Amino acid sequence: MTEPSRQPRVFVLPLDAALLERTEGYGGFSTDGERYAALARALTSSPLWAGMEGCVLVVRAEPPARLAVLGRFTEEELVRLEALSGQVELTLGRLRYIGWADAEKATAELAQRLLQRFDRPAIDRFHYVPLPRGGLFVLGMLAYLLDLGRDRVGMGQDEAPLVVVDDCALTGLRFHHFMDRCEGRQVIFAHLYSHPDLREKIESHEPAVVAAIAARDLNDLAPHHYGEEYGDWLSRWKKRSDAGAYWIGLPEHMCFAWNEPDVTIWNHVSQREEAVWRVVPPELCLKNRPLASEAAGCQMQPRGAGGIRPGPDVVYGVLGEEVVAADCATGSAFSFTGIAREMWDALLRTGDPQRVVDELAPRYEVAPSVLRRDVDSFLHEAVRMGLLISLPQ
């Protein structure tokens, strides 16, 4: 927890608006502000956001759009924010979003691959079990596409082969752990997405696995991303990875309409494994909705009224009893409390100094003329500092 006396600070997420525009899943948002707001909803639905106590994520939707964190963070916390923002950029750059319609198509492709590999009597004899929870959605669709009887879904009482179903396999770790439950059974691992090398490793390392079948391939982006450092990166991961992982790589960041898998990346600054922020907004992913409903700390910055508006590089948000306004260009941040906060709020809401006086005068034992001078002085100073702009009426 940060100390109340620490000065407020601003951290602007250095995101390329063009990158977000190209990111899968964000095509339905028409402006930079809408895309930044969607990303903010994703970030604050992340379990990682719970560690950002005392901070708010502010979205400035009007041009130039901004996404910034306001708070009283330490130098250590600032370094962490810088590392996390780099992770967000990396994750967005490799996001592969699968909506409901595309997931149905991929599941149909998986069904066809199963029918090509095994004959119809075998398909009807297998038992089908999901890896929870993503596999539940895929198995539900697969059961209809293959017209599976209800008695075929589940482990079953006989020794018929098991088809283990999932939405994606990134390292194969979850499948490896599930294999402990399949002793004495032949297994087919059927899933929507994985890297071909992972499937080859599973088939070669697991005698009980008859086949590892995916509808579509993932790519390994690590060699290109890490370049000359790829060998060191791979060596570190091999030393630190769970023994159950079949494959190590940097595939696309998968997200389905129901699931954004929890993954980790290697932070070369901190030299440790770290979880990544979720980057898909709750309205596009069922998994992120419960956390989003509990999340706090995401604020949309109002545009302002009349001729009084925030400066072009200014973001501001509410932290408890104060308003913190910051200049993104200089990094300067200022706190307004008490009547100063009320003046700030009222000026932006009404756009008229006299209406601010009429609104505040009944609450303070001061002559309206004196209050008007105070409001004008506050507005003049805020404009001088670039925090507000006052356009001619």
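Here, every reference points to the structure presented above.
The rules we used
Residues numbered from 1 in each chain as written. Predicted model: local features only at pLDDT ≥ 70, side-chain atom pairs only at ≥ 80, totals over all residues. Heavy atoms only, no water. Salt bridge = Lys/Arg side-chain N within 4 Å of Asp/Glu carboxyl O. Helix = DSSP H or I, 4+ residues; strand = E, 2+ residues; numbered from the N terminus. Buried < 20%, exposed > 50% of the residue type's maximum accessible area, 1.4 Å probe, protein only. Lys, Arg positive; Asp, Glu negative; His and termini not counted. Polar contact = N/O pair within 3.5 Å; in protein donor to acceptor, adjacent residues only side chain to side chain. Contact = heavy atoms within 4.5 Å. 1 Å grid on protein atoms, 1.4 Å probe; cavity = no way out; pocket = protein on both sides within 12 Å on 5 of 7 lines; lining within 4 Å. Points joined across faces, edges and corners; volume = space filled by probe spheres on them. Pairing = 2+ DSSP bridges. Axes fitted to C-alpha atoms, helices over the stretch in contact; angles between N-to-C directions. Phe/Tyr/Trp six-rings, centres within 6.5 Å; stacked < 30°, edge-to-face > 60°.

So, about the pattern of salt bridges. Side chains carrying opposite charge are able to pair once their charged atoms draw close together. For the coordinates displayed, the defined rule picks out 20 salt bridges. Arg 35 is paired through a salt bridge with Asp 32; the nearest N and O atoms lie 3.1 Å apart. One end of the pair, Arg 35, and the other, Asp 32, are both in helix α2 (residues 32-43), three residues apart, so they sit about a helical turn from each other. Looking at Arg 35, the relative accessible area reads 5%, which means it is buried. When its relative accessible area of 32% is taken as the criterion, Asp 32 is described as partly exposed. Each of Asp 102, Glu 109 and Arg 216 takes part in salt bridges that share partners, so that together they form one network.

The subject of this paragraph is the side chain of Arg 60. Examined against the element boundaries, Arg 60 turns out to sit in strand β2 (residues 56-60). One buried charge, Arg 60, has no salt-bridge partner; the nearest side chain with opposite charge is Glu 62, at 4.2 Å. Within the structure, Arg 60 has its side chain in polar contact with the backbone oxygen of Glu 62 (distance 3.4 Å). Reaching out from Arg 60, the side chain makes a polar contact with the backbone oxygen of Val 314 at a distance of 2.9 Å. Excluding anything up to four places from it in sequence, Arg 60 contacts Ala 65, Arg 66, Gln 301, Pro 310, Gly 311, Pro 312, Asp 313, Val 314 and Val 315.

As a further point, take empty space enclosed by the protein. It is the rolling of a water-molecule-sized probe over the atoms that shows where space remains empty. What the rule picks out here adds up to one cavity of 30 Å³ or more. Reported here for the largest cavity is a volume of approximately 80 Å³. Here the lining of the largest cavity takes four residues from helix α3 (residues 75-93), the largest share from any one element.

Residue Pro 64 follows Pro 63 across a cis peptide bond; omega there is -10°. Here Pro 64 is to be found in the loop between β2 and β3 (66-71). Look at the link from Pro 132 to Arg 133: it is a cis peptide, with omega at 5°. Mapped onto the elements of the fold, Arg 133 is located in the loop between β5 (127-130) and α6 (134-145). The phi dihedral of Asp 147 falls on the positive side, at around 55°, and the residue is not glycine. Relative to the elements of secondary structure, Asp 147 occurs in the loop between α6 and β6 (162-168).

This part covers the pairing of strand β16 (residues 333-336). As paired strands, strand β15 (residues 322-327) and β16 are joined by four bridges and run antiparallel to one another. Directly across from Val 324, in β16, lies its bridge partner Ser 335. Count of turn residues in the β15/β16 antiparallel hairpin: five residues, of which Gly 331 carries a positive phi of about 80°.

The volume enclosed by the largest pocket comes to roughly 940 Å³. Taken together, 43 residues line the largest pocket, and the ones lying closest to its centre are Leu 170, Thr 171, Pro 261, Asp 262 and Val 263. Mapped onto the lining of the largest pocket, the elements with two or more residues apiece are α6, β6, α7 (173-178), α10 (230-240), β9 (253-256) and β10 (264-267).

Quick look at the sheet that holds β6 now. An order of β5-β6-β7-β8 is seen for the four strands of this open sheet, with the pairing classed as parallel. Each having just a single partner strand, β5 and β8 (209-217) make up the two edges of the open sheet. Averaged over all pairs of adjacent strands, the angle between their axes in this sheet comes to 20°, without regard to strand direction. Where strand β7 (residues 187-194) meets β8, seven bridges bridge the pair, whose relative direction is parallel. Each bridged residue has a counterpart across the sheet, and for Ser 194 the counterpart in β8 is Asp 217. Along the sheet, helix α4 (residues 100-117) contacts β7 and β8; its crossing angle with β8, the most-contacted strand, is approximately 145°. Where α6 meets the sheet, its contacts fall on β5, β6 and β7, and the angle it forms with β6 comes to roughly 115°.

Attention now goes to the environment of Trp 247. Note on placement: Trp 247 falls in the loop between α10 and β9. For Trp 247, a relative accessible area of 7% translates into the label buried. Apart from residues no more than four positions distant in its own chain, Trp 247 is found in contact with Leu 170, Thr 171, His 195, Asp 197, Leu 198 and Asp 220.

Here the focus is the packing of aromatic side chains. On inspection of all chains with the given rule, the structure shows 16 aromatic pairs. Summarising the aromatic geometry, the rings of Phe 256 and Trp 258 are spaced 5.1 Å apart at their centres and angled 10° between planes, so their arrangement reads as stacked. Side by side, Phe 256 and Trp 258 carry an identical accessibility label, which is buried. An aromatic cluster is defined as three or more aromatic residues linked by ring pairs; in this entry it consists of Trp 100, Phe 137, Tyr 193, Phe 256 and Trp 258.

Everything listed here is a matter of coordinates, which is why it stays silent on function.
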